[in-house]
Amino acid sequence: MPSKKADLLLHPTRLQIITSISTGQMTARELSQVIPDVPQTTLYRHINALVEGGLLKVVSETQIRGTVERTYAVATLPSLKPEDLQGMTRQDYQQAFLVYLSTLMSAAQRYLDSKGKDEDFDPIADGLDLSLGTLNLSDAEFRTINKRILEVILSASGNQPSPVRKRRMFTYLFIPQ
């Protein structure tokens, strides 16, 4: 049985929320614009689950026409550690891969949908990059390269939005062969 953290993260809608908000702070309204295919009530339910599970935190509250608008941020690095994955079955892992890949496909489809039919379509100029390869690594080399990748990602994760920065989704996955 996966841990509570794994159960929270390995859900398509919650993974989309975490991925969308991972670079800063967002309100539910802003999230609904980034993830338009999720109904508002469903979005709020999943946001609340992530807050209750300690993965998101409320960083501010603003009074707007009699209601409170909350701004959310990631409370902790949304990664799963070995202890979060203990007890997962083959079927749990298959479900996790499916959620991971469907989240990636949803992001790719949103990118494609954002381009008008008459608009010039140049994914390379937009910064789209697809890479797939195989490396021969000892366990020690694998741990080293994985640590270095994480360090590079974490160093950029604090970048604030600006006119010269685009939101870019990234992913990396190592699968033993």
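Above this text sits the structure in question.
Residues numbered from 1 in each chain as written. Predicted model: local features only at pLDDT ≥ 70, side-chain atom pairs only at ≥ 80, totals over all residues. Heavy atoms only, no water.

**Student:** Looking at this structure, how should I read the pattern of salt bridges?
**Tutor:** As a working rule, side chains carrying opposite charge can pair if their charged atoms are close by. All chains considered together, the criterion is met by 3 salt bridges. Among the ionic pairs, Arg29 bridges to Glu69, the shortest N-O distance being 3.5 Å. Placement of the pair is Arg29 in helix α3 (residues 28-34) and Glu69 in strand β3 (residues 67-74), with a sequence separation of 40 residues. Here Asp126 ties to Lys115 by a salt bridge, and the two come within 3.0 Å at their closest N and O atoms. With a gap of 11 residues between them, Asp126 in helix α7 (residues 123-126) and Lys115 in the loop between α6 (90-113) and α7 connect regions that are remote in the sequence. Residue class for Asp126 comes out partly exposed when judged on its relative accessible area of 24%. (Salt bridge = Lys/Arg side-chain N within 4 Å of Asp/Glu carboxyl O. Helix = DSSP H or I, 4+ residues; strand = E, 2+ residues; numbered from the N terminus. Buried < 20%, exposed > 50% of the residue type's maximum accessible area, 1.4 Å probe, protein only.)

**Student:** I keep staring at a nonpolar patch on the surface and nothing clicks. Help me out?
**Tutor:** Together, Leu77, Leu135, Leu137, Phe142, Leu150, Leu154, Phe170, Tyr172 and Phe174 make up an exposed nonpolar region whose accessible area comes to about 760 Å². Note on placement: Phe142 falls in helix α8 (residues 139-157). Owing to a relative accessible area of 31%, Phe142 belongs among the partly exposed residues under this scheme. (Patch = residues over 30% accessible without salt bridge, like charges linked within 9 Å, V, L, I, M, F, W, Y side chains within 5 Å. Areas by Shrake-Rupley, 256 points an atom, 1.4 Å probe, with all protein chains shown as cover.)

**Student:** How do you make sense of the layout of surface pockets when you look at a structure like this?
**Tutor:** If a probe the size of a water molecule is rolled over the atoms, the empty space left behind becomes visible. In this structure, the second largest pocket encloses a volume near 250 Å³. Looking at the second largest pocket, it is lined by 13 residues, and the ones nearest its centre are Tyr44, Thr67, Val68, Glu69 and Arg70. Of all the secondary structure elements, the ones that give two or more residues to the lining of the second largest pocket are α3, α4 (40-52) and β3. The class makeup of the residues in the lining of the second largest pocket is 5 nonpolar, 4 polar and 4 charged. (1 Å grid on protein atoms, 1.4 Å probe; cavity = no way out; pocket = protein on both sides within 12 Å on 5 of 7 lines; lining within 4 Å. Points joined across faces, edges and corners; volume = space filled by probe spheres on them. Nonpolar A, V, L, I, M, F, W, Y, C, P; charged D, E, K, R; others polar.)

**Student:** Where do I start with the environment of Leu77 in this structure?
**Tutor:** Here Leu77 shows up in the loop between β3 and α5 (82-85). Between the alpha carbons of Leu77 and Leu154 there is a distance of 9.4 Å; along the sequence they are 77 residues apart. Here Leu77 is in contact with Lys5 and Leu154, once residues within four sequence places are set aside. (Contact = heavy atoms within 4.5 Å.)

**Student:** I would appreciate a short explanation of the packing of aromatic side chains in the present structure.
**Tutor:** Evaluation of the coordinates by the stated rule reveals 2 aromatic pairs. A centroid spacing of 5.0 Å and a plane angle of 85 degrees characterise the contact between Phe142 and Phe174, whose relative ring orientation is edge-to-face. Remark: Phe174 occurs in the segment after α8 and Phe142 occurs in helix α8; sequence separation between them is 32 residues. Ring geometry for Tyr172 versus Phe174: centroids 5.9 Å apart, planes at 85 degrees, classification edge-to-face. Given the relative accessible area of 33%, Tyr172 is considered partly exposed. (Phe/Tyr/Trp six-rings, centres within 6.5 Å; stacked < 30°, edge-to-face > 60°.)

**Student:** Can you help me understand the pairing of β3 in this one?
**Tutor:** Successive side chains on a regular strand alternate, one facing one side of the sheet and the next facing the other. Pairing of strand β1 (residues 25-27) with β3 involves 3 bridges; the strand directions are antiparallel. Across the sheet, Gln25 pairs through a bridge with Ala73, a residue of β3. Across 8 bridges, strand β2 (residues 56-64) lies against β3 in antiparallel orientation. Paired with Ile64 across the strands is Thr67, a residue of β3. In this antiparallel pair of consecutive strands, β2 and β3, the connection spans 2 residues, and Arg65 shows a positive phi of 45 degrees. (Pairing = 2+ DSSP bridges.)

**Student:** Would you mind showing me how to read the packing of helix α2 (residues 12-21) against α4 here?
**Tutor:** Packed helices, taken two at a time, are described by their axes: the angle between them and the distance between them. It is the contact of α2 with α4, at a shortest axis distance of 10 Å, that shows an interaxial angle of 75 degrees. Taken together, α2 and α4 sit at an angle that is classed as roughly perpendicular. Note on element contacts: α4 touches α2 through Leu43, His46, Ile47, Ala49 and Leu50, opposite Thr13, Arg14, Ile17 and Ile18. Broken down by class, the residue content of the contact of α2 with α4 amounts to 6 nonpolar, 2 polar and 1 charged. (Axes fitted to C-alpha atoms, helices over the stretch in contact; angles between N-to-C directions. Parallel < 35°, antiparallel > 145°, perpendicular 65-115°, else oblique.)

**Student:** Explain the sheet that holds β3 here, please?
**Tutor:** Hydrogen bonds along the backbone pair up the strands of a sheet, which may run parallel or antiparallel. An order of β1-β3-β2 is seen for the 3 strands of this open sheet, with the pairing classed as antiparallel. Each of the sheet's edge strands pairs with one partner strand only, and the pair in question is β1 and β2. Averaged over neighbouring strand pairs, the angle between their axes works out to 30 degrees when direction is ignored. Against the sheet, α2 touches β1, β2 and β3, its axis set at about 80 degrees to β3.

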